[in-house]
Amino acid sequence: QVHLVESGGGLVQAGGSLRLSCAASGSVFIFKVYTMGWYRQAPGKQRELVATIISGGSTSYADSVKGRFTISRDDAKKMVDLQMNSLKPEDTAVYYCKLSGYRGVDYWGKGTLVTVSS
């Protein structure tokens with residue numbers, strides 16, 4: 001099975017930075033072919049897409065984080081990171097890593113909490 005584990009969450013003041021990491025393991029033999037994404041879910045809200053990175057390295061971002069967040073991947077290490085700068089209180093959420101697998105099946109990590117204080 002595919003296992004995803006997020007790390008790097010914590011408490012940070014507004015304007016600060018944080019770097020999240022997602023490590024893939026299990027039956028992921030050719031990590032480089034998969035589209036990876038970061039999502040977040042704030043209290044009382046639906047889970048939303050934050051950033052996506054496809055095979056080859058092209059990236060996409062939600063309008064709310066453009067210019068502040070950067071997604072990257074290291075296929076040799078089977079990892080995807082999310083560098084978050086200029087954090088705002090509205091960025092507070094549980095952040096989830098997603099791997100888009102074969103036949104429309106998505107795999108999710110359990111999430112890591114990011115809290116941004118004002």
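All values derive from a computational prediction rather than experimental measurement.

A. Representation of the side chain of Ser 21 within the structure. Within the secondary structure layout, Ser 21 lies in strand β3 (residues 18-26). Residue Ser 21 is classed as buried on the basis of its relative accessible area of 17%. Apart from the residues lying within four places of it in its own chain, the contact partners of Ser 21 are Val 5, Glu 6, Ser 7, Trp 38, Met 79, Val 80 and Asp 81.

B. Here's a closer look at the nonpolar core. Residues Trp 38, Leu 82, Met 84 and Tyr 95 are the most contacted members of the largest nonpolar core, which totals 30 residues. Within the residue set of this core, elements represented by two or more residues are β1 (2-7), β3, β4 (35-41), β5 (48-53), β7 (69-74), β8 (79-84), β9 (93-100) and β11 (112-117). Among all residues touching Met 84, those that are not within four sequence positions of it are Gly 16, Ser 17, Leu 18, Leu 20, Arg 68, Phe 69, Tyr 95 and Val 114.

C. Spotlight on the state of the cysteines. By the definition in use, this model includes 1 disulfide. There is a disulfide in this structure between Cys 22 and Cys 97, and the S-S distance comes to 2.1 Å. Of note, the bridge from Cys 22 to Cys 97 carries an S-S torsion of about -80° and is left-handed in sense. On the criterion of sequence distance, the pair formed by Cys 22 in strand β3 and Cys 97 in strand β9 is long-range, its members being 75 residues apart.

The rules behind each value
Residues numbered from 1 in each chain as written. Predicted model: local features only at pLDDT ≥ 70, side-chain atom pairs only at ≥ 80, totals over all residues. Heavy atoms only, no water. Helix = DSSP H or I, 4+ residues; strand = E, 2+ residues; numbered from the N terminus. Buried < 20%, exposed > 50% of the residue type's maximum accessible area, 1.4 Å probe, protein only. Contact = heavy atoms within 4.5 Å. Core = buried A, V, L, I, M, F, W, Y, C linked by side-chain atoms within 4.5 Å. Disulfide = S-S within 2.5 Å.

None of the figures reported here should be taken as evidence of function without further support.
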